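So you can see what is in the structure, the chains are spelled out below.
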Amino acid sequence: MLILKPIIHSTIWGGSWLTNSYSFHDKIGHLYGLVSNGKLESEILNGPYKGQLFKKYFDENKVRLNLAGFATFPYVLALVDAKENLSLQVHPDDKYAISQGLSGGKNESWFFLEESTSNFIYNGCKINSKEIILSLIKEGREKEIWDTLQVGKSGYVFVEAGTMHALSAGSKVFEIEENCDQTYRFYDFDRVGSDGKKRELQLNQAIEALSPTNKSQCKELDSGQEVHHRYYSFKYFPQMYDYENKSNTIETITLLSENVEIEGITVKRGMTIVLEPGDTVNLQGSLIGLVRPTIGGVYGC
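I will try to describe carefully the structure that is included in this document. All chains use their own residue numbering, which begins from 1 and follows the written sequence. Only residues with pLDDT of at least 70 are given local features in this predicted model, and only at 80 or more are side-chain atom pairs given and counted; all residues enter the totals for whole chains, interfaces and linings. By convention in this description, side-chain values take in all heavy atoms of the structure and omit both hydrogens and water.

### Some details on the sheet that holds strand S1 (residues 2-5)
When DSSP finds two or more bridges between two strands, those strands count as paired. By definition, any uninterrupted DSSP run of H or I lasting at least four residues is a helix, any uninterrupted run of E lasting at least two residues is a strand, and each is numbered from the N terminus. Read from one edge of the open sheet, 7 strands run S4-S1-S20-S17-S21-S16-S15, paired in antiparallel fashion. Taken across any chain shown, the strands that pair with only one partner, and hence form the sheet edges, are strand S4 (43-44) and strand S15 (227-228). Of the pairings in the sheet, the one linking S15 to strand S16 (residues 232-244) comprises 2 bridges and is antiparallel in character. Looking at S16, one finds that Val227 is bridged to Phe234.

What follows is the structure in structure tokens.
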């Protein structure tokens, strides 16, 4: 069993939901429980790999764990606290990503931990013409473009690459992203950064990567109900006590409720534990999100 050190990402749109737990005095937008993308790398807190990066562990053990097809670990896990709306954005699909020199595109999922103050996400377009969408953006008529989707607590949303999307103000989610660090912004609500300038948009690439007809759906998941995607599966448990990994590969468990003590380490909300096949852990009745990489997947963003 590995316990990973979380990584804090302060953002202009983040909130204070996690600041007390981590004695952090600025906005937290993302709290990464597991990330290994060359820019951010999770560190291991226990066991033979203590003090080393998860990347080293994965590279040395992925064949044994039936994950040899992945050049890099296939997903990123984070808690997201959106005090403000995130930018309207799109992630590339495989075809567009490869045309831009990347190894693959990016789908992602959100599991909603609380009722948001907005009760919706920005979801897809009302207009199917890229030319009209671009024209409306240039005319400052963005509100005529985007559609919305109502989402409540325990809702699960899968966002396919090419979909215009954004979390709305007040959203608190557990996020699972395919491991490709590429986002193109359409619109950022005219926010001004610490430098006094509006944040950069990538409008041309966003339009090229957009699939205007894409829209997400919201599923209400039951405890233990598993959903499968190309590089990972997800399920949640509102109260987990003793758990054993009975699969043929690793499982990643992210704590979604208050602190627990494991192997003398205080595991806080948002931290991730990695279980090898046969590993067991007592989670003391915690709310958890469990994500498992897909055996046989091939990916290398």
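### Brief notes about the side chain of Asp188
Mapped onto the elements of the fold, Asp188 is located in the loop between strand S13 (184-187) and helix H4 (203-209). In terms of polar contacts, Asp188 uses its side chain to reach the side chain of Arg191, at 2.8 Å. N or O atoms within 3.5 Å of each other form a polar contact, as long as, within protein, one can give a hydrogen and the other can take it, and as long as residues adjacent in sequence are counted only when both atoms are side-chain atoms. A polar contact of 2.8 Å, which involves the side chain of Asp188, links it to the side chain of Arg199. Not counting the four nearest positions on each side in its chain, Asp188 is found in contact with Ser87, Arg199 and Leu201. The contact criterion used is simple: two residues touch if any of their non-hydrogen atoms lie within 4.5 Å.

### Focus on the sheet that holds strand S14 (residues 218-220)
The 7 strands lie next to each other as S2-S3-S5-S12-S7-S10-S14, forming an open sheet whose pairing is antiparallel. Only two strands of the sheet have a single partner each, and these edge strands are strand S2 (7-9) and S14. Within the sheet, the average angular offset between the axes of one strand and its neighbour, ignoring direction, is 25°. Lines are fitted to the C-alpha atoms to define the axes, a helix being fitted only along its stretch in contact, and any angle between axes, read from their N-to-C directions, falls within 0 to 180 degrees.

### A word on helix H3 (residues 130-138)
If you check which residues of H3 are buried, you get Ile133, Leu136 and Ile137. Down the axis of H3, the smallest arc covering the buried residues is 100°, so these residues share one side. Along H3, exposed side chains directed more than 90 degrees from the buried face belong to Glu131 and Lys138. In this structure, the buried residues of H3 make contact with strand S8 (120-125), S13 and H4. Accessibility here uses a 1.4 Å probe with only protein chains present; expressed as a share of the type maximum, an area under 20% marks a residue as buried, one over 50% as exposed, and anything in between as partly exposed. Here the arc refers to the directions that run from the helix axis out to each C-beta atom.

### Quick look at helix H1 (residues 54-61)
When we look at burial in H1, the residues that qualify are Phe54, Tyr57, Phe58 and Asn61. Take H1 and look down its axis: the buried residues cluster within an arc of 95°, on one side only. For H1, the elements touching its buried residues are S1, strand S3 (30-34), S4 and strand S20 (272-275).

### A look at the pairing of S8
Burial within S8 is extensive, with 5 of its 6 residues counted as buried. Judged from the 4 bridges that link them, S8 and strand S9 (residues 146-150) form a sheet pairing that is antiparallel. What sits directly across from Cys125, in S9, is Trp146. Two elements, S8 and strand S11 (residues 165-167), share 3 bridges in a ladder whose sense is antiparallel.

### Here's the deal with unusual backbone geometry
Positive phi outside glycine occurs at Ser154, with the angle close to 70°. Examined against the element boundaries, Ser154 turns out to sit in the loop between S9 and strand S10 (155-159). For Ser154, a relative accessible area of 19% gives the class buried. Phi angles above zero are rare outside glycine, and Asp190 is one such case at about 55°. Residue position: Asp190 is located in the loop between S13 and H4. Look at Asp190 and you get partly exposed, because its relative accessible area is 48%.

### Structural notes on the environment of Leu31
Relative to the assigned elements, Leu31 resides in strand S3. According to the relative accessible area criterion, Leu31 is buried, its value standing at 0%. Sequence-wise, Leu31 and Leu77 are 46 residues apart; in three dimensions their C-alpha atoms are separated by 8.5 Å.

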